[in-house]
Amino acid sequence: MGGEVLLRKVILAPSLLSADPLNIALDIERLKGECDWLHVDVMDGHFVPNLSYGPSLVAALRAKKEIKWPIDVHLMVEPPENFIDLFLPLGVDYLTIQIESTPHVHRVLQRIRDGGVKCGVAVNPGTPIEWVEPILSFVDMVLVMSVNPGFGGQKFIPQVLKKVEWLYRERAVNGLDFLIEMDGGLGIDNVATVVNYGCDVIVAGSAVFGSSDPARALKSMRESVMEVFQ
């Protein structure tokens, strides 16, 4: 598996959910350019039992000229139909919805695509991965949640690795080109494992911003990933 993964760049996407809410800009500076993307979690207090950032944060990120990384927005909201138009004009690069949040997944993804943004679908730990099979040829990314969404700092659920394996196989067999992303409980102890299973995009929050040196934490994760390919 590793030889094929090597053809794809492994992307490190720090989650701003774990950044200091009073010093987000400073925390981004502390990354010292070691990240590839910035990941923004949007929570509505309904689909998940927590409230978090919205379009104003994304707009502020895009307004800062020194922040040039792709912005990856994960909508943990219900229904996503009521939220996507708030984000489409803001210059986000990826907009991901939860497959459990709407019975009209394809329609919402098409709306995101029509808005000029790459679309993704996320799957909770307790949701069968086969739910995404009908839309795999349509999405740019599948996000496998490795914790139950809503809060940072949770423990990684190893059973979700089987979902990554399935996605990796489906992508290869059918000649598809979506990215496989994972979010939840990821850090230096397990990042190499999830990449070895086929993940392309690693979202890490507490492991990065909970470190005294976020840039060093990201660099260590990248070094661990590179060992998979040696």
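About the criteria used
Here the residue index of a chain counts from 1 through its sequence in written order. Owing to the predicted nature of the model, reporting of local features is limited to residues with pLDDT of at least 70; listing and counting of side-chain atom pairs is limited to 80 or more, with chain, interface and lining totals taken over all residues. The basis for the side-chain values is all heavy atoms of the structure; hydrogens and waters are excluded. Pairs were defined over the aromatic rings of Phe, Tyr and Trp, the Trp ring being its six-membered one, requiring ring centres within 6.5 Å. Orientation was assigned from the angle between planes: stacked under 30 degrees, edge-to-face over 60, tilted for the rest. A ring is scored as having a charge over it whenever the NZ atom of a lysine or the CZ atom of an arginine sits within 6 Å of its centre and within 35 degrees of its normal. For this analysis, a salt bridge means a side-chain nitrogen from Lys or Arg found within 4 Å of a carboxyl oxygen belonging to Asp or Glu. Counting from the N terminus, the helices are DSSP H or I runs at least four residues long and the strands are E runs at least two residues long. Relative accessibility thresholds used throughout: buried, under 20% of the residue-type maximum; exposed, over 50%; partly exposed, between the two (1.4 Å probe, protein chains only). Scored between 0 and 100, pLDDT is the confidence that the predictor attaches to each residue. Residue contacts are defined here by distance: any two heavy atoms, one from each residue, within 4.5 Å place the two residues in contact. Strand pairing is assigned whenever DSSP identifies at least 2 bridges connecting the two strands. A 3.5 Å cut-off defines polar contacts: any pair of N or O atoms within that distance qualifies, except that in protein one atom must be a possible hydrogen donor and the other a possible acceptor, and neighbouring residues in sequence count only when both atoms are side-chain atoms. Working definition of a nonpolar core: buried Ala, Val, Leu, Ile, Met, Phe, Trp, Tyr and Cys residues. They are joined through side-chain atoms within 4.5 Å.

### Things to note about the packing of aromatic side chains
Given two aromatic rings, their pairing is described by the distance between the two centres and the angle made by the two planes.
Phase 1: In the structure shown here, the tally under the stated rule is 1 aromatic pair.
Phase 2: One cation-aromatic arrangement involves R113 over F138; the distance from NZ or CZ to the ring centre is 4.8 Å.
Phase 3: One Lys or Arg, R171, reaches over the ring of F178 and ends 5.8 Å from the middle of that ring.

### Focus: the pattern of salt bridges
Phase 1: Per the stated rule, a full pass over the model turns up 9 salt bridges.
Phase 2: A salt bridge links D36 to K9; its shortest N-O distance comes to 3.2 Å. Of this pair, D36 sits in the loop between α2 (24-29) and β2 (38-43) while K9 sits in the loop between α1 (2-5) and β1 (11-14), placing them 27 residues apart in sequence.
Phase 3: Exposure remark for D36: the relative accessible area of 13% places this residue in the buried category.
Phase 4: Through salt bridges that share partners, K9, D36 and R222 make up one connected network.

### Concerning the environment of L179
Phase 1: Take L179: it is sitting in strand β7 (residues 179-183).
Phase 2: Separated by 50 residues in sequence, L179 and I129 place their C-alpha atoms 15 Å apart.

### Description of the confidence of the model for the protein chain
Phase 1: For the protein chain, per-residue confidence averages 93 on the pLDDT scale, and 95% of positions sit at 70 or higher.
Phase 2: Note that pLDDT drops below 50 for residues 1-7; the model gives that stretch 13 contacts with residues more than four away or on any other chain.

### Here we look at the pairing of strand β6 (residues 141-145)
Phase 1: Burial within β6 is extensive, with 5 of its 5 residues counted as buried.
Phase 2: In β6, alternate side chains face the same way, and those of M141, L143 and M145 on one face and V142 and V144 on the other are all buried.
Phase 3: Here strand β5 (residues 118-123) pairs with β6 via 4 bridges, running parallel. Looking at the pairing, V123 lines up with V144 of β6.
Phase 4: When β6 meets β7, the two strands line up parallel, connected through 5 bridges. Paired with L143 across the two strands is E181, which belongs to β7.

### Points about the environment of W69
Phase 1: Here W69 shows up in the loop between α3 (55-63) and β3 (71-76).
Phase 2: Between the alpha carbons of W69 and D36 there is a distance of 6.3 Å; along the sequence they are 33 residues apart.
Phase 3: A polar contact of 3.5 Å, which involves the side chain of W69, links it to the backbone oxygen of C35.

### Some remarks on the pairing of β2
Phase 1: Counting buried positions along β2 yields 6 of 6 residues, so the element is predominantly enclosed.
Phase 2: Burial of β2 is two-sided: the residues L38, V40 and V42 facing one way and the residues H39, D41 and M43 facing the other way are all buried.
Phase 3: Across 6 bridges, the pairing between β2 and β3 is parallel. Paired with V42 across the strands is L75, a residue of β3.

### Side note on the side chain of S224
Phase 1: Its place among the elements puts S224 in helix α9 (residues 214-226).
Phase 2: What makes S224 buried here is its relative accessible area of 12%.

### Description of unusual backbone geometry
Phase 1: In this model, E78 is joined to P79 through a cis peptide bond whose omega is -5°.
Phase 2: In this fold, P79 is placed in the loop between β3 and α4 (84-87).

### A look at the nonpolar core
Phase 1: Of all hydrophobic cores here, the largest spans 68 residues; its most connected members are V40, V73, V132, L167, M182 and I202.
Phase 2: Once you skip the residues sitting within four places of it in the chain, V40 turns out to touch L16, Y53, L57, V58, L61, I71, D72, V73 and H74.
Phase 3: Counting 8 residues, the second-largest nonpolar core is a separate cluster that includes I11, W37, M141 and V203.

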